[in-house]
Amino acid sequence: MYFNLITLAPGRERQAAHEWAGGPYAEHQWLWRFFPAPEGSPRAFLFRRADTDQGPRFYVLSEQPAQPPGSAWQIQTRGYRPMLAAGDKLRFELRANPVVTITENGKSRRHDVVMQEKKRLLAAKGLSKWKDWEDGTRPPLYELVYQTCGEWLNKRAGKLGFSVDMESLSVEGYQPQRGKGELLRFTTVDFSGILSVTDSDAFQKALFQGIGPAKAFGCGLLLIRPV
């Protein structure tokens, strides 16, 4: 595996802005240009975009090293195969799409965990809309996001070969991602904190394959560094 950092080439900002479509629905198609493959090939990379004062930066984990499609972007690439063992502690960052799968009328669909918790709480109050909850007991959104998304990650951690230090966990950036027509497609959340490796083989698989859905849209890449 290879870890690639894709950034703007100095002096090529206008050209890069023209080439880069931006937005989650065009972004993954644009990134394919850095990993040429025969038509119909499966996606062989995970990525995350970070926005900086110097423009977007793309962290990309891939099976093959990235290749620059032109002069507007520069690439730094290194081999990536962390040597980890059970008990290792790591700082981590993860942008994910926390969902729960619910089967209704014989059909399974993914639902945003925060929206599902809102729906459950409203039903318990006999209400239909969040804004109608006005008795002073409505939980603030940041608490709801921390609780539901933190539980989502913690429940999956064991099978993925790690445990989360819940006291260190930060859950931020609950963000709806919209496509054409402003239809809500999915939401993203940014996690960070400290984890402990419990199963090195399962954890390496999580590193290489990503966590949760919406991987084509910049979710799932687990970034780690030593504590």
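Residues numbered from 1 in each chain as written. Predicted model: local features only at pLDDT ≥ 70, side-chain atom pairs only at ≥ 80, totals over all residues. Heavy atoms only, no water.

A. Seen up close, the overall build of the chain. Tallying secondary structure elements over the chain gives 5 helices and 11 strands in all. Across the 227 residues of the chain, 41% fall into the buried class. For the chain, long-range pairs separated by at least 24 residues make up 68% of all intrachain contacts whose partners lie at least 6 apart in sequence. Of the roughly 13100 Å² of accessible surface on the chain, 48% is carried by carbon and sulfur atoms. Taken together, the 31 basic and 24 acidic charged side chains of the chain have centroids lying 5 Å from each other. (Helix = DSSP H or I, 4+ residues; strand = E, 2+ residues; numbered from the N terminus. Buried < 20%, exposed > 50% of the residue type's maximum accessible area, 1.4 Å probe, protein only. Contact = heavy atoms within 4.5 Å. Areas by Shrake-Rupley, 256 points an atom, 1.4 Å probe, with all protein chains shown as cover. Lys, Arg positive; Asp, Glu negative; His and termini not counted. Charge placed at Lys NZ, Arg CZ, Asp CG, Glu CD.)

B. Up close: helix α4 (residues 141–157). In this model α4 runs 24 Å from its N-terminal to its C-terminal C-alpha over 17 residues, within 8% of the 24 Å that 1.5 Å per residue would give. Three or more residues of α4 are buried, namely Leu144, Val145, Thr148, Cys149, Gly150, Trp152, Leu153 and Ala157. (Expected span 1.5 Å × (residues − 1).)

C. Focus on the packing of aromatic side chains. Counted by the stated rule, this structure contains 14 aromatic pairs. Taking 5.3 Å as the distance between ring centres and 80 degrees as the angle between the ring planes, the aromatic pair formed by Trp130 and Trp133 counts as edge-to-face. Of the two residues, Trp130 and Trp133, neither departs from the other in class, the shared state being buried. Here a set of aromatic residues connected by ring pairs shows up, and it is made of Phe3, Tyr59, Tyr80 and Phe208. (Phe/Tyr/Trp six-rings, centres within 6.5 Å; stacked < 30°, edge-to-face > 60°.)

D. Representation of the side chain of Ser62 in the model. In this structure, Ser62 sits in strand β3 (residues 55–62). At 2.5 Å, the side chain of Ser62 forms a polar contact with the backbone oxygen of Gln64. The residues touching Ser62, leaving out its near neighbours within four places in the chain, are Met1, Tyr2, Asn4, Phe35, Ala44 and Phe45. (Polar contact = N/O pair within 3.5 Å; in protein donor to acceptor, adjacent residues only side chain to side chain.)

E. Seen up close, the nonpolar core. One finds Phe92, Leu153, Phe162 and Phe191 to be the most contacted residues of the largest nonpolar core, which totals 38 residues. Those elements that provide at least two residues to this core are β5 (89–96), α3 (113–125), α4, β8 (162–164), β9 (170–178), β10 (184–197), α5 (200–209) and β11 (222–226). Looking at this core element by element, the count peaks at 6 residues for α4. Excluding anything up to four places from it in sequence, Phe162 contacts Leu153, Ala157, Leu195, Ser196, Val197, Thr198, Phe203 and Ile211. Of all hydrophobic cores here, the second largest spans 15 residues; its members include Leu8, Phe34, Phe35 and Ala72. (Core = buried A, V, L, I, M, F, W, Y, C linked by side-chain atoms within 4.5 Å.)

F. Up close: the environment of Ala206. Relative to the helices and strands, Ala206 resides in helix α5. Separated by 46 residues in sequence, Ala206 and Leu160 have C-alpha atoms that sit 5.8 Å apart. Apart from the residues within four sequence positions on either side, Ala206 is in contact with Leu160 and Ile211.

G. Up close: the state of the cysteines. Tallied over the entire structure, the rule returns 0 disulfides. Unpaired in terms of disulfides, Cys149 finds its nearest cysteine sulfur in Cys219, a separation of 11 Å. Since its relative accessible area comes to 1%, Cys149 is described here as buried. (Disulfide = S-S within 2.5 Å.)

H. How the structure looks around the pairing of strand β2 (residues 45–52). Relative to β3, β2 runs antiparallel, the two being bridged by 8 bridges. Counted as the bridge partner of Phe47 is Val60 from β3. (Pairing = 2+ DSSP bridges.)

I. Highlighting the packing of α3 against α4. At their nearest, the axes of α3 and α4 sit 9 Å apart, and the two run at 115 degrees to each other. Read as a crossing pair, α3 and α4 show a hand that is right-handed. Counting all contacts with α3, which are made through Val113, Val114, Glu117, Lys118 and Leu121, the residues of α4 involved are Leu141, Leu144, Val145, Gln147, Thr148, Cys149 and Trp152. Looking at the contact of α3 with α4 residue by residue, the classes come out as 8 nonpolar, 2 polar and 2 charged. (Axes fitted to C-alpha atoms, helices over the stretch in contact; angles between N-to-C directions. Left-handed = near helix turned anticlockwise from the far one by under 90°. Nonpolar A, V, L, I, M, F, W, Y, C, P; charged D, E, K, R; others polar.)

Without other data, these values stay purely geometric and don't point to any function.
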